[in-house]
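# Structural characterization, general
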Amino acid sequence: MAQTNEQQSNETVKQTESKQTVYNVQNLNLWYGEDQALYDVNMKIGENDVTAIIGPSGCGKSTFIKTLNRMVEMVPVVRTSGEISYRGDNIFDRSYAVEDLRTKVGMVFQQPNPFPKSIYENIVYGPRIHGIKDKKTLDAIVEKSLKGAALWDEVKDRLDQNAFGLSGGQQQRVCIARCLAIEPDVILMDEPTSALDPISTAKIEELVQQLKENYSIIIVTHNMQQAARISDNTAFFLNGELVEYNDTNTLFSTPGDKRTEDYITGRFG
Amino acid sequence: MESNPNEGNKQQSVSQRIQSNRQNRSGLMIIESLVPKLLLLASIISVLVTVGILYTLLSEAITFFTQVNFFSFITGLDWSPWQGRYGILGLVSGTMLITVIAMVVAIPVGVASAIFLSEYATDKWRRILKPILEVLAGIPTVVYGFFALTFVTPILRAIIPGLSFFNALSAGIVVGVMIIPMIASLTEDAMSSVPNEMREGAMALGATRFETTVRVVLPASLSGIVASFALGISRAIGETMIVAIAAGATPKFTLDPTQSIQTMTGYIVQVAKGDAGFGTTIYYSIYAVGATLFVFTLIMNLLAQFISRRYREEY
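These numbers were taken from a predicted model, which means no experiment stands behind them.

Accessible area lost upon the coming together of the parts is a frequently used measure of interface size. Taken together, the contact between chain B and chain A spans 23 residues of the former and 25 residues of the latter. Here chain B and chain A share an interface that buries about 1900 Å² over both sides, 65% of which is from carbon and sulfur atoms. Taken as a group, Ala204, Leu205 and Arg215 of chain B account for 34% of the area that chain B buries against chain A, more than any other trio of residues on that side. Our enumeration of links across chain B and chain A arrives at zero salt bridges. Where chain B packs against chain A, one counts four residue pairs in polar contact (both at pLDDT 80 or more). Mapped onto the side of chain B that touches chain A, the elements with two or more residues apiece are helix 8 (196-203) and helix 9 (209-220) of chain B. It is helix 8 of chain B that provides the largest number of residues to the side of chain B that touches chain A, a total of eight residues. Split by residue class, the side of chain B that touches chain A holds 10 nonpolar, five polar and eight charged.

Looking now at the pattern of salt bridges. Residues and elements named next belong to chain A. Applying the stated rule across the entire model yields 18 salt bridges over all chains. Put simply, Glu73 and Arg70 hold a salt bridge, and the shortest N to O gap is 2.7 Å. Using a relative accessible area of 34% as the deciding quantity, one classes Glu73 as partly exposed. With its nearest N and O atoms 3.8 Å apart, the salt bridge here joins Asp153 to Lys156. Relative accessible area serves as the criterion here: at 38%, Lys156 is assigned to the partly exposed category. Through salt bridges that share partners, Glu47, Arg87 and Asp185 make up one connected network.

Before going further, it helps to spend a moment on helix 9 of chain B. Listed as buried for helix 9 of chain B are Thr212, Thr213, Val216, Val217, Leu218, Pro219 and Ala220 of chain B. Here the buried face of helix 9 of chain B lies against helix 4 (119-129) of chain A together with helix 4 (89-120), helix 7 (168-192), helix 8 and helix 10 (222-238) of chain B.

As recorded in UniProt, the sites labelled "domain: ABC transporter" (unreviewed entry) are residues 23-264 of chain A. With 38% helix and 27% strand, residues 23-264 of chain A has end C-alpha atoms that lie 26 Å from one another.

On to the packing of aromatic side chains, then. The geometry of an aromatic ring pair is captured by two quantities: the separation of the ring centres and the angle between the planes. Applying the stated criterion across every chain, the model contains 18 aromatic pairs over all chains. Relative to Tyr267 of chain B, the ring of Trp79 of chain B has its centre 4.9 Å away and its plane inclined at 85°; by these criteria the two rings are edge-to-face. Taken together, the positions of Trp79 of chain B in strand 1 (residues 79-80) and Tyr267 of chain B in helix 12 (residues 264-275) put the pair 188 residues apart, joining distant regions of the chain. Ring centres 5.2 Å apart and planes at 75° place the aromatic pair Phe165 of chain B and Phe166 of chain B in the edge-to-face group. The class of Phe165 of chain B is partly exposed, set by a relative accessible area of 39%. Residue Phe166 of chain B is classed as partly exposed on the basis of its relative accessible area, which comes to 34%. Taken together, the ring pairs connect Phe64, Phe65, Phe70, Phe73, Trp79, Tyr86 and Tyr267 of chain B into an aromatic cluster. Between the NZ or CZ atom of Arg79 of chain A and the centre of the ring of Trp31 of chain A, over which it lies, the distance is 4.8 Å. Sitting over the ring of Phe115 of chain A, Arg178 of chain A keeps its end group 4.3 Å from the ring centre.

How each quantity is defined
Residues numbered from 1 in each chain as written. Chains lettered and ligands numbered in written order. Predicted model: local features only at pLDDT ≥ 70, side-chain atom pairs only at ≥ 80, totals over all residues. Heavy atoms only, no water. Contact = heavy atoms within 4.5 Å. Buried area = accessible area lost by both parts, 1.4 Å probe. Salt bridge = Lys/Arg side-chain N within 4 Å of Asp/Glu carboxyl O. Polar contact = N/O pair within 3.5 Å; in protein donor to acceptor, adjacent residues only side chain to side chain. Helix = DSSP H or I, 4+ residues; strand = E, 2+ residues; numbered from the N terminus. Nonpolar A, V, L, I, M, F, W, Y, C, P; charged D, E, K, R; others polar. Buried < 20%, exposed > 50% of the residue type's maximum accessible area, 1.4 Å probe, protein only. UniProt positions renumbered as here; feature names shortened; annotations may be inferred. Phe/Tyr/Trp six-rings, centres within 6.5 Å; stacked < 30°, edge-to-face > 60°. Lys NZ or Arg CZ within 6 Å of the ring centre and 35° of its normal.

Below, the structure is given as structure tokens:
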């Protein structure tokens, strides 16, 4: 395993924590048409960790997180090389069904995107398409997921109302609940609070702390304070490269790379 | 100094030049005040035409109803004007038959093409298919009529023995083909305007593309889709040339598509071509039939508005 410095430091992080690896990203390159967006990313992500991905706009952090559940392929001209293994299987394998991956790896987006249906229908959408049809189970899932997303008390009396009638922060928690309803293994969050007010942001951050008991969470944020507050490990991306990846305290107190230091001290970005 | 406002004096500052130009533009203000009046006039024209059409329809239809009992008109099954029998249901059944056959053809094919174009097609396919659909929409209906009579009917007669030469089936199918582009393109518009975030939301839960389409995109665009159906039905009810050519001219209260029938529009054409003299009861009957047609399309449009409001998923 004698490779780059970054990787060795990653190894040490992981060894000390001796956790199971959820994702192992190896030599990941990604192109949008002719433009390369990710360069040789190597990264291991541990179970029940909150992993924050930070970096300035356009650094590839959103692209990276969308690659983890292959949502990036919604753009038709995307090409990748390298490997991402999720729980030991390469997700780029021809035989790997992308729907299986996305059933295990939930995602919360930058803009809350509930379906234009009732709150109840939003939550049961996932279970339904995966074959769970009986009303009792679905009712239980709705309650459990909404409680898990810290939204139950606010909406329990109006589950049949359109989710679009909720506030932005509540909509985002509907999306989190929708994601919890199919009991995923990993939750990807792509700047989940960037469209929200500070109070809703605080609620979501608190929620992330609760969710990490049961889920591995990878969160993209452009807010460094947020990364420092909620994450165990932080990865700093710049111009499509993973510059530094370390446990959050170390990365913010003694950054190993000059560029990381410049970024977290606010010298650019 | 201010002789030519367009050139101005290059020595003056920009603000001075703008000032002096503005003073020379009083003529523009007159145009400015005239423009809304002209625009209003243009929009009133279509209102006036509608009112005029309604007036002619109703006044002539009222003359008709002084000669023929209104109740026997709307309940009668036998439309034999030359024998003095005016039972509108004999024509309505023909129109209904054509409309149902047309929608059975147009809705599945139209929606399926819309789903393909909006959810599956690559840009390349879309660039090839959409113009072809639009060409289909631009074909004159008289061409469709002869297509029905000389191409579709012989094929159908080979399959269905005993099919009469003029029949509702062939005309209905071809009316359906004519409506496909309209349903496809309006449905595609409705589906494409569903934000991509919703597709992403569903696909991130492990939904396949088809599950996403059926459970998220279609419900979200339902109001637009229903509106396209309503427009399609209105076109089928009002379609004239295809049915006049291929469906026959024998009004009959029947649900059998293999028979020769006549639609309301087909009857109006027949009379208008000169089968009956001006001022006769038959002449006035076309206005009564026209008014009935108008009522049908009006009901269709109201129904469509109601349905699309009732089932709208706001986003």
